[in-house]
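# Reading the structure
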Amino acid sequence: TKRAGRNGYNFFEPSMNANAHHQLQWLQDLRVALERKQFRLVYQPKFSLPDGPVLGAEALLRWQHPERGLVGPDEFIGLAERSGLIIPIGAWVLDEACRQMHEWLTLGYADWKIAVNLSAVQFADPHLLEVVRGALERHQLPPQSLTLEVTESTAMHDTEASLLTLQKIADLGVEISIDDFGTGYSSLLYLKRLPANELKIDRGFVRDLSDGTEDAAIVSAIVALGRTLNLRIVAEGVETERQQQFLASVGCDALQGYLRGRPMAPDLFLQTMREQHKS
Ligand code: C2E
Ligand code: CA
Ligand code: CA
Ligand code: CA
């Protein structure tokens, strides 16, 4: 770990070198992945509560590595950010998500929204607006069909500059969702100024949701805050009926989680949503 490394530099040096070599290999692979189109998007549904319809999907990045198999974003987003590769990778994600949403739109799912995660590095990129506008135009997607998810800590960093960027995104007509909410210490004053449409309650607060727990109190407070500020509140990481019932009881607007739907390849997503619609 980083902490151990700081306290015992000499002891950890050999493994740090091994790690550097390891990172170089991953970096090389990551470059190749872009060229050879090894990235995929999977889609996780968002459902409105208490038992409403599908609101749309969040696009989540996967890497189909020829030898390592399917690699999750937690294993390579950090490296992609440090190396700057997140810029072209992120542009690909936006383009592909817009292409997919346009396909669903032509199939009649015009009220769905597609949510795309933005890294802090993309968020700080001066070309972000062009990239977003370009993806929408290429796929003739109405801006209101797209939601950009930015973590609370990204939105909180350099608050005045962030507010400006968020306002420009909002001016495009694209929705803004504040991800991992509750972990970034936003002030109420800042939240009030934020041109956001949605807050996503971090999974960490959802895990231990039962009456009387501290997390239950925090979640009810966030839901009440959302109502006051006119923001849609989405709970992420909902895995149990009990969590779902609690969220519905406090008036949370929507949820995402393994209980109702895992991230799925696009064909399976569409098929699953169609089956749920029938029943
Ligand atoms: P996130 O945006 O907070 O996404 C939610 C993560 O929680 C996803 O992990 C999702 O698969 C997982 N999840 C959903 N429901 C449940 C549940 O009920 N229980 C549990 N335990 N987990 C659940 P995933 O796909 O591994 O993504 C991890 C993170 O990687 C994301 O966190 C996001 O920060 C980042 N990420 C994913 N795709 C992209 C992307 O295209 N661009 C950028 N910049 N970051 C991405
Ligand atoms: Ca997200
Ligand atoms: Ca999240
Ligand atoms: Ca997260």
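Right above here is the structure, for reference.
To start, this report covers the structure provided alongside it. It should be emphasised that the depicted structure is a prediction, and the values quoted were computed from it without experimental measurement. (Residues numbered from 1 in each chain as written. Chains lettered and ligands numbered in written order. Predicted model: local features only at pLDDT ≥ 70, side-chain atom pairs only at ≥ 80, totals over all residues. Heavy atoms only, no water.)

### Some remarks on the pairing of strand β1 (residues 39-48)
Rule in force here: In this scheme, a residue with accessible area under 20% of its type's maximum is buried, one over 50% is exposed, and one in between is partly exposed, where area comes from a 1.4 Å probe on protein chains only. Secondary structure follows DSSP: runs of H or I at least 4 residues long count as helices, runs of E at least 2 residues long count as strands, and numbering of each begins at the N terminus. Paired strands are those between which DSSP finds at least two bridges.
For β1, a buried count of nine out of 10 residues is recorded, marking the element as mostly surrounded by other parts of the structure. Inspection of the sheet shows β1 paired to strand β2 (residues 54-65) by nine bridges, in the antiparallel sense. In the strand pairing of β2, proline 45 is matched with alanine 57. Where β1 hands over to β2, the hairpin turn is made up of five residues, counted between the paired strands.

### Re the coordination of the calcium ion (ligand 4)
As a reminder of what qualifies: Only N, O and S atoms count as donors, using a 2.8 Å limit from the metal and a wider 3.2 Å limit for Na, K and Ca, and since water is excluded some coordination spheres may look unfilled.
Only Asp180 (OD) and Asp180 (OD) from the protein coordinate the calcium ion (ligand 4), and they sit 3.0 to 3.1 Å from it. Here the calcium ion (ligand 3) and the calcium ion (ligand 4) are spaced 3.6 Å from one another, each receiving a donor from aspartate 180. Inspection of the secondary structure puts aspartate 180 in strand β6 (residues 175-181).

### Thoughts on the layout of surface pockets
Using the following cut-off: Grid points spaced at 1 Å over the protein atoms alone were grouped into cavities, where a 1.4 Å probe fits but cannot get out, and pockets, open sets with protein on both sides within 12 Å along at least five of seven lines, with lining residues defined by an atom within 4 Å of a point. Grid points are joined across faces, edges and corners, and a volume is the space filled by probe spheres set on the points. Residues are grouped as follows: Ala, Val, Leu, Ile, Met, Phe, Trp, Tyr, Cys and Pro are nonpolar; Asp, Glu, Lys and Arg are charged; all remaining types, including Gly, are polar.
When its volume is computed, the largest pocket comes out at roughly 1,100 Å³. Around the largest pocket sit 40 residues that line it, and Glu58, Leu60, Pro73, Asp74 and Asn117 are the ones nearest its centre. Residue assignment for the lining of the largest pocket shows that the elements contributing at least two residues are β1, β2, α3 (77-83), α4 (86-106), β4 (113-117), α5 (120-123), β5 (146-151) and β6. The element contributing the most residues to the lining of the largest pocket is β2, with five residues. Of the residues assigned to the lining of the largest pocket, the class counts are 15 nonpolar, 12 polar and 13 charged. Estimated volume of the second largest pocket: approximately 210 Å³. As for the second largest pocket, its lining consists of Phe47, Gly52, Pro53, Val54, Tyr109, Asp111, Trp112, Arg260, Met273, Arg274, Gln276 and His277. No other element matches the four residues that helix α13 (residues 266-278) contributes to the lining of the second largest pocket.

### Side note on the pattern of salt bridges
Spelled out, the test is: Note on definitions: salt bridges are taken to be side-chain nitrogens of Lys or Arg within 4 Å of carboxyl oxygens of Asp or Glu.
In this structure the tally under the stated criterion is 12 salt bridges. Between lysine 200 and glutamate 58 there is a salt bridge; the shortest N-O distance is 2.9 Å. With lysine 200 in strand β7 (residues 198-201) and glutamate 58 in strand β2, the pair connects residues that are 142 residues apart, well separated along the chain. The exposure class of glutamate 58 is buried, given its relative accessible area of 6%. One salt-bridge network, held together by shared partners, links Lys46, Glu58, Lys113, Glu149, Glu175, Glu198, Lys200 and Arg232.

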